Amino acid sequence: MAGKRLAGKTAIVTGAGSGIGRGIAHRFAAHGATVVVADLSEDAALATVGEIEELGGVAVGVRADVSQADDAAAMAEAALGAGGRIDVLVNNAGISFGDTLKLHELDEAAWQRILNVNLTGVFQCCKHVLPAMLAQEAGSIVNIASAAAIGMAPRAGYAASKGGVVALTRSLAFQYGEYGIRVNAICPGPVETPMSNAVRASGMYDDDGIVDLSIKRRGTPEDIANAALYFASDESRYVTSDILPVDGGALRLRAERFRGR
Amino acid sequence: MTVVDVEVGRLEGRTAIVTGAGVGIGRAIAEMYAAEGAKVVVACRTRETGEETVARIVAAGGDARFVQTDVSDEGQVRALVEAAVSAYGGIDVLCNNHAVYGIEPAELTELTEDVWDLTMDVNAKGVFFTMKHVIPVMREGGRGAIVNISSIASLVKSALPAYAASKAAVNALTKAVAAQAAEYGIRANVITPSTIETDRRSELARTSTYKNDFIAVTAAEQASKPIVSKVLPGFGEPDDIAYAATFLASDEAAYITGAILPVDGGTTRTRTD
């Protein structure tokens, strides 16, 4: 491939130790970005960095709990140290464990934890990265939300947190558009990742899948990474506040599969 | 103007039909598809501009040919598809960019049936005809990507009722095809542009009496005294649509179908409608 669509850019990807985040980090590195691989697990972050370097890319690993202000600040500092600028922030870190199919059975601590990572984490990372983007008068923030934020979703805690990410995306697009900072969100449907496989293994869902799809397969991290690349690169310089479903053309949530659960 | 080196071959080996490709956004899409490795069939009503698009592509080292087509005429669409298959063997990408825009009066009460019919025939029926005749070819090839250029008008309280209705029809047609044709390996998506600087838009800005900030202002006017409510500064360029059309046409969008991708500087979201 001749062109490097992120040449000269520094990109932070949170939750990049596995799954979608790892896929995005790889894609960005292949396109010339210096990638800051942030993850709750330092080992996982460093493993992704090692893979990227083996393929000839440039990356640094950072341990970060995105819900913590100090970690978000340190992550931004690490990015500035690595590349001198922060061109792209991909807020991908997210959890769903502890969520339930019935709200009244949802433990308050689990609700709070899901919100802390999935929504407050996006707040913290944006808050600590935006000053650099303002100084540059340029930046692209890509939030990995979820199809759960668009249609009805079986798990309320997760849906609420991702709905918050979508609204935050629109508001940030409004707040920062005049400074040349773009903010968009991707709403993945079912994607083959360790996190989603764990949910399926827990028995919460049938093997049949919970959503009828036009494209009859689960998504891959590469499917999401390609959309993230479009939003991260200058090709989408006139695009902001978009909420893009990458969901195999989802048709309907199968309500009958949840009755009696 | 292109901001990113696009020669990565994302459409290498693909054949693409682009309608309305004689000028503006359509020309930009045709040129970018060719730059990304596609063989391009340029379809539009005006021979002079269509052949100029082809000449530009060929001069840049690409492969293209022109087929004069009025997409509202099913016979001409059938002939277009036959010509594309005859020239290149198959069709992998269809980009419906053609449209009539700004031809209706400022008030619905003065809209004639003729202008309504023309708007629907070109903007909506034309998309139906091209998809109808291209899909069987795509089925045979086992894959296909349809990218339909709609408009912000399809999503908000537009000043152009007939245009808006025709573009809303395009959105619904595209989603239905996305569901229906997925089993044949065909994807279909929509781009909704707003405030993209083209000659047509500049022309309308000079002459129109529309009660709508989108249409009645040029980029220069917007720069000096902001009228359009949008968040990114400046207006868009045809290449901004071309980049989106390239992404959606390529395998990078393999898991995206039935989606709407606004390329509009944030204009849609400042609307509360």
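Conventions used here
- Residues numbered from 1 in each chain as written.
- Chains lettered and ligands numbered in written order.
- Predicted model: local features only at pLDDT ≥ 70, side-chain atom pairs only at ≥ 80, totals over all residues.
- Helix = DSSP H or I, 4+ residues; strand = E, 2+ residues; numbered from the N terminus.
- Expected span 1.5 Å × (residues − 1).
- Buried ≥ 20, exposed ≤ 12 C-beta atoms within 10 Å, placed from the backbone.
- Pairing = 2+ DSSP bridges.
- Axes fitted to C-alpha atoms, helices over the stretch in contact; angles between N-to-C directions.
- Contact = placed C-beta atoms within 7 Å.
- Nonpolar A, V, L, I, M, F, W, Y, C, P; charged D, E, K, R; others polar.
- Right-handed = clockwise from strand over helix to strand, strands pointing away.
- Left-handed = near helix turned anticlockwise from the far one by under 90°.
- Parallel < 35°, antiparallel > 145°, perpendicular 65-115°, else oblique.
- pLDDT = per-residue confidence, 0-100.

### Re helix α1 (residues 24-35) of chain B
All names here are of chain B. Taking 1.5 Å of rise per residue, the twelve residues of α1 would be expected to cover 16 Å, and the 17 Å separating its terminal C-alpha atoms lies within 8% of that figure. The buried count for α1 comes to twelve of twelve residues, which makes it a mostly enclosed element. Those residues of α1 that fall on the buried side of the exposure criterion are G24, I25, G26, R27, A28, I29, A30, E31, M32, Y33, A34 and A35. Remark: G37 follows α1 within two positions and exhibits a positive phi of approximately 105 degrees.

### Topic: the sheet that holds strand β4 (residues 93-96) of chain B
The strands making up a sheet associate through backbone hydrogen bonding, with each pair oriented either parallel or antiparallel. Residue and element names in this part refer to chain B. One open sheet accounts for seven strands, arranged β3-β2-β1-β4-β5-β6-β7; its pairing is parallel. In this open sheet, the two strands that pair with only one neighbour each are β3 (63-68) and β7 (260-263). Strand-to-strand, the axes of this sheet are offset by a mean angle of 20 degrees, without reference to chain direction. The pairing of strand β2 (residues 39-44) with β3 spans six bridges and is parallel. The partner of K39 across the bridge, within β3, is D63. Contacting β2 and β3, helix α2 (residues 47-59) runs over the sheet at an angle of about 175 degrees to β3. Strand contacts of helix α3 (residues 74-88): β1 (15-19), β2 and β3, with the helix running at about 150 degrees to β1, the strand carrying the most contacts.

### Some details on unusual backbone geometry
Positive phi values are uncommon outside glycine, yet S241(A) reaches one of about 70 degrees. One can find S241(A) in the loop between α7 (221-232) and β8 (243-246). Take S241(A): there are 25 C-beta atoms within 10 Å of it, and that puts it in the buried class. Although it is not a glycine, T195(B) adopts a positive phi angle of roughly 50 degrees. The exposure class assigned to T195(B) is buried, which follows from the 24 C-beta atoms found within 10 Å.

### Some words on the interface of chain A and chain B
Counting residues at the interface gives 31 residues for chain A, matched by 31 residues for chain B. Of all the elements in the fold, those that place two or more residues in the side of chain A that touches chain B are α5 (156-176), α7 and β8 of chain A. Class assignment of the residues belonging to the side of chain A that touches chain B gives a composition of twelve nonpolar, eleven polar and eight charged.

### Focus: the pairing of β4(B)
All names here are of chain B. Here β4 shows two buried faces, one formed by V93 and C95 and the other by L94 and N96. For β1 and β4, the ladder comprises three bridges, and the chain directions are parallel. Bridge pairing in β4 links V18 to C95. By the bridge criterion, four bridges tie β4 to strand β5 (residues 144-149) in an arrangement that is parallel. Note that in β5 the partner of N96 across the bridge is N148. Crossover handedness for the path β4 to helix α4 (residues 113-141) to β5: right-handed.

### Looking at the environment of L173(B)
All names here are of chain B. Mapped onto the fold, L173 is located in helix α5 (residues 161-181). Classification of L173 as buried rests on a count of 21 C-beta atoms within 10 Å. It is 19 Å that separates the C-alpha atoms of L173 and R78, two residues lying 95 residues apart in sequence. Ignoring any residue separated from it by four or fewer positions in sequence, one finds L173 in contact with V127 and F128.

### Considerations on α5(B)
A rise of 1.5 Å per residue sets the reference length of α5(B), with its 21 residues, at 30 Å; its end C-alpha atoms lie 30 Å apart and thus fit the reference within 8%. Turning to α5(B), its buried residues number three or more, namely A162(B), Y163(B), A164(B), S166(B), K167(B), V170(B), L173(B), T174(B), V177(B), A178(B) and A181(B).

### A closer look at the sheet that holds strand β3 (residues 58-63) of chain A
All names here are of chain A. The parallel open sheet is built from seven strands, whose spatial order is β3-β2-β1-β4-β5-β6-β8. The open sheet is flanked by β3 and β8, the only strands paired with a single partner. Shown here is a sheet whose adjacent strand axes are inclined to one another by a mean of 20 degrees, direction ignored. Across four bridges, strand β6 (residues 181-188) lies against β8 in parallel orientation. Pairing of A185 across the sheet is with I243, part of β8. Docked against the sheet, helix α3 (residues 69-83) engages β1 (10-14), β2 (34-39) and β3, running at close to 160 degrees with respect to β2. Across the sheet, helix α4 (residues 108-136) lies against β1, β4 (88-91), β5 (139-144) and β6, angled at about 170 degrees from β4, the strand it touches most.

### Here we look at the packing of α3(A) against α4(A)
Residues and elements named next belong to chain A. Remark: α3 packs on α4, axes separated minimally by 8 Å, with the N-to-C direction vectors making an angle of 35 degrees. Here α3 runs over α4; the crossing is right-handed. The segment α3 lies against α4, with A69, A72, A73, A76 and L80 engaging Q124, C125, K127, H128, V129 and A132. When grouped by side-chain class, the residues that make up the contact of α3 with α4 number eight nonpolar, two polar and one charged.

### Examining the packing of α1(B) against helix α8 (residues 238-249) of chain B
Residue and element names in this part refer to chain B. Following both chains from N to C, one finds α1 and α8 inclined at 50 degrees, their axes separated by 8 Å at the closest point. Classified by the interaxial angle, the pair formed by α1 and α8 is oblique. Where α1 crosses over α8, the two elements pack in a sense that is right-handed. For the pair α1 and α8, the contacting residues are G24, I25, A28, I29, M32 and Y33 in the first and P238, D239, I241, A242, A245, T246 and A249 in the second. Tallied by class, the residues present in the contact of α1 with α8 amount to ten nonpolar, two polar and one charged.

### Quick notes on the confidence of the model for chain B
Looking at chain B, the pLDDT average stands at 92 and 93% of residues meet or exceed 70. This complex was scored by the predictor with a pTM of 0.96 and an ipTM of 0.96.

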